[in-house]
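So you can see what is in the structure, the chains are spelled out below.
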Amino acid sequence: MTQKTIAIIGAGIGGLAAGVTAQQLGMNAHIFEMHTLPGGMCTAWTRQGYTFDGSIHHLAGCHPESPLYRMWEDLGAMPRKVLFPEDLTQVESSDGKVFTVYTDLLRLEEHMMSLFPEDQRGIAPYLRALRAMQRHDLLALSAAGLTGLFSVLPAVPRIARWGRVTMKQYAEGFRDPFLRRAFPIIQYDWPDIPVLLHLNLLSQCSVQNYGFPEGGSLAFSRSIAKRFTDLGGTIHYGTTVKKILTKGRRVAGIRLADGEDVPADAVVSNASAHTTLFELLGETWVDPKTKAKHAVPVDTMTMGIHVSLGVDRDLSEEPHALMWLLDEPVQLADQTVERIPIELYGFDSTLAPAGKGVIKVLLNTSYAYWTDLATDTSRYREAKEQLVEKLVRTLEPRFPGLSSQVEAGDVATPLTTERFTGNGPTYTSESGKLETMSMMFSTPKRLPSLDDFFYIGQSAGGGGIPGCASMGRNAVKKLAKEAVGNRQ
Ligand SMILES: Cc1cc2nc3c(=O)[nH]c(=O)nc-3n(C[C@H](O)[C@H](O)[C@H](O)COP(=O)(O)OP(=O)(O)OC[C@H]3O[C@@H](n4cnc5c(N)ncnc54)[C@H](O)[C@@H]3O)c2cc1C
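The shown structure was predicted, so the numbers you read here are calculated from the model rather than taken from an experiment.

Asker: What's the story with the pattern of salt bridges in this structure? I'm lost.
Answerer: Proximity of charged atoms lets side chains of opposite charge pair with each other. Tallied over the full model, the rule gives 19 salt bridges. Here Lys 168 ties to Asp 192 by a salt bridge, and the two come within 3.2 Å at their closest N and O atoms. Within this pair, whereas Lys 168 is found in helix H7 (residues 167-171), its partner Asp 192 is found in the loop between helix H8 (177-182) and helix H9 (195-206), the two being separated by 24 residues in sequence. As a salt-bridge pair, Asp 451 and Arg 249 come within 3.2 Å of each other at their nearest N and O atoms. Residue Asp 451 is found in the loop between helix H16 (436-440) and strand S22 (453-455), and its partner Arg 249 is found in the loop between strand S11 (241-247) and strand S12 (250-256); the two are separated by 202 residues along the sequence. Accessibility expressed as a relative area gives 23% for Asp 451, which makes it partly exposed. Among the charged side chains, a salt-bridge network with shared partners connects Arg 249, Arg 250, Asp 451 and Asp 452.

Asker: Got a minute to help me understand helix H3 (residues 105-115) in this structure?
Answerer: Here H3 has its buried residues at Leu 105, Leu 108, His 111, Met 112 and Met 113. Packed against the buried residues of H3 are strand S8 (98-102), helix H4 (120-133), H8 and H9. If you check the start of H3, you find a side-chain oxygen 3.0 Å away from the backbone N of Leu 106, and it comes from Asp 104.

Asker: What should I look at first to understand the site of the ligand in this one?
Answerer: Taken together, 33 residues surround the ligand, and among them Glu 33, Met 41, Ser 55, His 57 and Gln 458 come closest. One nitrogen or oxygen atom from the main chain of Gly 14 is found 2.9 Å from an oxygen atom belonging to the ligand. Among the elements of the structure, helix H1 (13-24), strand S2 (28-33), helix H15 (414-421) and helix H17 (464-487) are those that each provide at least two residues to the shell around the ligand. Per-element tally for the shell around the ligand: the top contributor is H17, with four residues. Its residues assigned to classes, the shell around the ligand shows 14 nonpolar, 18 polar and one charged. Inspection of the shell around the ligand shows a minimum of three residues originating in each of domain 1 (5-40 + 217-295 + 427-487) and domain 3 (300-421).

Asker: I'm lost on the domain arrangement of the protein chain in this one. Help?
Answerer: One frequent convention defines the size of an interface as the accessible area lost when the parts assemble. Domain assignment breaks the protein chain into domain 1 (5-40 + 217-295 + 427-487), domain 2 (102-207) and domain 3 (300-421). Computed over C-alpha atoms only, the centres of domain 1 and domain 2 are separated by 35 Å. Taken together, the contact pairs five residues of domain 1 with four residues of domain 2. Taken together, the two surfaces of domain 1 and domain 2 that pack against each other cover about 400 Å², and 72% of this comes from carbon and sulfur.

Asker: I keep staring at the packing of H1 against helix H10 (residues 217-230) and nothing clicks. Help me out?
Answerer: When two helices pack together, their arrangement is given by the angle between the helix axes and by the axis-to-axis distance. The interhelical angle for the contact between H1 and H10, taken along N-to-C directions, is 25°, at an axis separation of 9 Å. Compared by their axis directions, H1 and H10 come out roughly parallel. Crossing angle aside, the handedness with which H1 passes H10 is left-handed. Between H1 and H10, the contacting residues are Ile 13, Leu 16, Ala 17, Gly 19, Val 20, Gln 23 and Gln 24 on the first element and Phe 220, Ser 221, Ile 224, Ala 225, Arg 227 and Phe 228 on the second. When the residues that make up the contact of H1 with H10 are grouped by side-chain class, the tally is eight nonpolar, four polar and one charged.

Asker: Sorry, what's going on with the environment of Asp 265 here?
Answerer: Mapped onto the elements of the fold, Asp 265 is located in the loop between strand S13 (261-263) and strand S14 (266-269). Taking the C-alpha atoms as reference points, Asp 265 and Lys 4, 261 residues apart in sequence, are found 6.1 Å from one another. Reaching out from Asp 265, the side chain makes a polar contact with the backbone nitrogen of Thr 5 at a distance of 2.7 Å.

Asker: How should H1 be read in this particular structure?
Answerer: Side chains three or four residues apart in an α-helix point the same way, a direct result of the helix having 3.6 residues per turn. Over its twelve residues, H1 extends 17 Å from the first C-alpha to the last, a length consistent with the 16 Å expected when each residue adds 1.5 Å. Extensive coverage of H1 is indicated by the burial of eleven of its twelve residues. Every buried residue belonging to H1 is among Ile 13, Gly 14, Gly 15, Leu 16, Ala 17, Ala 18, Gly 19, Val 20, Thr 21, Ala 22 and Gln 23, and all of these are buried.

Asker: Would you explain the packing of H3 against H4 in this entry?
Answerer: One way to put it is that H3 packs onto H4 with a least axis distance of 11 Å and a crossing angle of 175°. Considering their axes alone, H3 and H4 lie roughly antiparallel with respect to each other. On H4, the residues that touch Leu 105, Leu 106, Leu 108, Glu 109, Met 112 and Met 113 of H3 are Gln 120, Ile 123, Ala 124, Tyr 126, Leu 127, Leu 130 and Arg 131. Counted by class, the contact of H3 with H4 contains ten nonpolar, one polar and two charged residues.

Asker: I'm lost on the pairing of S11 in this one. Help?
Answerer: In terms of strand pairing, S11 meets S12 through six bridges, oriented antiparallel. Across the sheet, Val 241 pairs through a bridge with Leu 256, a residue of S12.

Asker: How should I be thinking about the packing of aromatic side chains in this particular structure?
Answerer: Any two aromatic rings considered together are summarised by their centre-to-centre distance and by the angle between their planes. Per the counting criterion, the structure on display carries 15 aromatic pairs. Taken together, a centroid distance of 5.6 Å and an interplanar angle of 85° make the contact between Tyr 170 and Phe 174 edge-to-face. Taken as a pair, Tyr 170 and Phe 174 share a single burial class, namely buried. Clustering of aromatic rings is evident, with ring pairs tying together Tyr 126, Trp 162, Tyr 170, Phe 174 and Phe 183.

About the cut-offs
- Residues numbered from 1 in each chain as written.
- Predicted model: local features only at pLDDT ≥ 70, side-chain atom pairs only at ≥ 80, totals over all residues.
- Heavy atoms only, no water.
- Salt bridge = Lys/Arg side-chain N within 4 Å of Asp/Glu carboxyl O.
- Helix = DSSP H or I, 4+ residues; strand = E, 2+ residues; numbered from the N terminus.
- Buried < 20%, exposed > 50% of the residue type's maximum accessible area, 1.4 Å probe, protein only.
- Contact = heavy atoms within 4.5 Å.
- Polar contact = N/O pair within 3.5 Å; in protein donor to acceptor, adjacent residues only side chain to side chain.
- Near = heavy atom within 4 Å.
- Nonpolar A, V, L, I, M, F, W, Y, C, P; charged D, E, K, R; others polar.
- Domains from an automatic or database assignment.
- Buried area = accessible area lost by both parts, 1.4 Å probe.
- Axes fitted to C-alpha atoms, helices over the stretch in contact; angles between N-to-C directions.
- Parallel < 35°, antiparallel > 145°, perpendicular 65-115°, else oblique.
- Left-handed = near helix turned anticlockwise from the far one by under 90°.
- Expected span 1.5 Å × (residues − 1).
- Pairing = 2+ DSSP bridges.
- Phe/Tyr/Trp six-rings, centres within 6.5 Å; stacked < 30°, edge-to-face > 60°.

As structure tokens, then:
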């Protein structure tokens, strides 16, 4: 029997997971990655001894009993040391009010009941729901398969109502003005998400199933890349794919930027869905339904700017995340903000020199704002420098002395992300509909008229790191199954 050769475009989490699975199933897998590192968005970069993380806030599947943990073990990413900060976040106002969202639910209950005694009627059902959700990780449903789905069914009547109300809407029922302001933003400053998603995150943090892998995102990605190469797979770094080659209705391989054609029996693309469909394949392959799904470019980039600061300051006693409510709105880049979401990496001592720490702020932004600035390199550079300066000044009242403690400052804009990962603006369907079922089950995507081909990853509908990894695995398992079917 001849060994099936599979070409994988991109060493993001999806591509790496596809590669490991292909090697485990006896295929000959080659990953072609335009960057010099594995991980794609799941990455980090270093400046003057500080590691600035680009992705993981919470990794799902850190508990050995989680079905996702078994996937991470298989991919070579577990076991590893995982850190479980005591808080999900802390909301602070300049007049000294502090609400800490503890991950220990008993501690959270005592804290909330004593801070907001008038709001017991809203807090009690919230805490009951958190406890009910401890047994059900919604992100693990795909990995748990049908058994997972059946196990969650009895809980559906109790949890379904939380899927119909947003964080902002639930907060409107609270009496305390500080809690009304704070509650909508305790999950990554996303007031419009259903409370159910927040319950899932916090309840899974409370049972130490969601955590932060020590060393951060790049170390995590590197461990999957290592499993892939240990299994005999090859990663071709610094190698951009320009075209997916076809013969009849099958893929035949890929063409590299230097013009070399690489034959393959199957191709899995982890490049962005837009690049894959409209650049690597060309519109003739893309059916109208798929085209419509990727029709509308979205200019707003959620968490599009990363401002990272390496500071000569001990952050080990700080909360791991902080929402700093401002007295007056400030202008940061193209946004006027009333609060600053801050990440304080004092909980992972490997990311900074001893006694020092990393502070990061993620801001929403407009893609067009940066493409316009980039037409003039010095204006673009100046805008980044001014952003660091203004942010440090804004944070100074919360962190007295900060201005003189900054040893490294870095701004990654949407254009930085695009340059290093190929992920520009996202594209959505004309209706703006999310494909929830396909996301829940990490279904890899294919085109009706093209065989031996899948596209995977976040822009193809993968939900976070576990969703993208599952998608990569599922794509390769399907290809292997089809190959066996074709031989029979
Ligand atoms: C700020 C931030 C925080 C996040 N926090 C979390 C979190 O807490 N938990 C979580 O689960 N997820 C989180 N995510 C999401 C997670 O990082 C992504 O969903 C995931 O890493 C995307 O993986 P992917 O498989 O789509 O591949 P990508 O990361 O998109 O990688 C694609 C790869 O393909 C390569 N490539 C592209 N085009 C070509 C080409 N033509 N030729 C060769 N190579 C090519 C790129 O260089 C890249 O390496 C976060 C993301 C961000 C930005």
